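Here is how the chains run, residue by residue.
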Amino acid sequence: MSDAFLMHADAETTAYFSEVADALCALFGIPRAEAVARLNAQWGAVEFEPYPDLVCHEEPEHWAYLLYHGDVPYWEADADRSAWPVLPPPPAGSAAWTAPPQG
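I will try to describe carefully the structure that is included in this document. Small disclaimer: the values here were computed from a predicted structure and weren't measured.

## Considering helix H1 (residues 11-28)
Point 1. Taking 1.5 Å as the rise per residue, H1 with 18 residues should run 26 Å; its terminal C-alpha atoms sit 26 Å apart, in good agreement.
Point 2. For H1, the complete set of buried residues consists of Thr-13, Tyr-16, Phe-17, Val-20, Ala-21, Ala-23, Leu-24, Cys-25 and Phe-28.
Point 3. Where H1 is buried, its residues touch helix H2 (32-43) and helix H3 (60-69).
Point 4. Downstream of H1 by a residue or two, Gly-29 has a phi angle that is positive, lying close to 65 degrees.

Right, dumping it as structure tokens:
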């Protein structure tokens, strides 16, 4: 099954969103469905320019940290990550969830 992103984007930009979802899962151990839901909640209503849209100029890791922790200095090796907030996932029943939350 492919990711069900809500964003209006070409195939290459959609593949980039998949890389951001990969980073969310790898960095934070969240399920794929939650990673996709976080992306959908952030950008679901956005119509993106053809690849490389401006959003694609950041590494997927950048967006993963932003979607999971908010604006944190993830690039600083000595940053105290224990104090970083974890943003809640989209609420259950939200349109952002295009796959079951446990998936």
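So much for the structure itself; the text now carries on.
## Regarding the nonpolar core
Point 1. If you look at the biggest cluster of nonpolar residues, it comprises 27 residues, and the most contacted ones within it are Phe-17, Leu-24, Leu-39 and Trp-43.
Point 2. Every element with two or more residues in this core is listed here: H1, H2 and H3.
Point 3. Examining the composition of this core, we find that eight residues originate from one element, H1, more than from any other.
Point 4. The residues touching Phe-17, leaving out its near neighbours within four places in the chain, are Phe-5, Met-7, Ala-9, Leu-39, Trp-43, Phe-48 and Val-55.

About the criteria used
- Residues numbered from 1 in each chain as written.
- Predicted model: local features only at pLDDT ≥ 70, side-chain atom pairs only at ≥ 80, totals over all residues.
- Heavy atoms only, no water.
- Helix = DSSP H or I, 4+ residues; strand = E, 2+ residues; numbered from the N terminus.
- Expected span 1.5 Å × (residues − 1).
- Buried < 20%, exposed > 50% of the residue type's maximum accessible area, 1.4 Å probe, protein only.
- Contact = heavy atoms within 4.5 Å.
- Core = buried A, V, L, I, M, F, W, Y, C linked by side-chain atoms within 4.5 Å.

What is shown is where atoms sit, not what they do.
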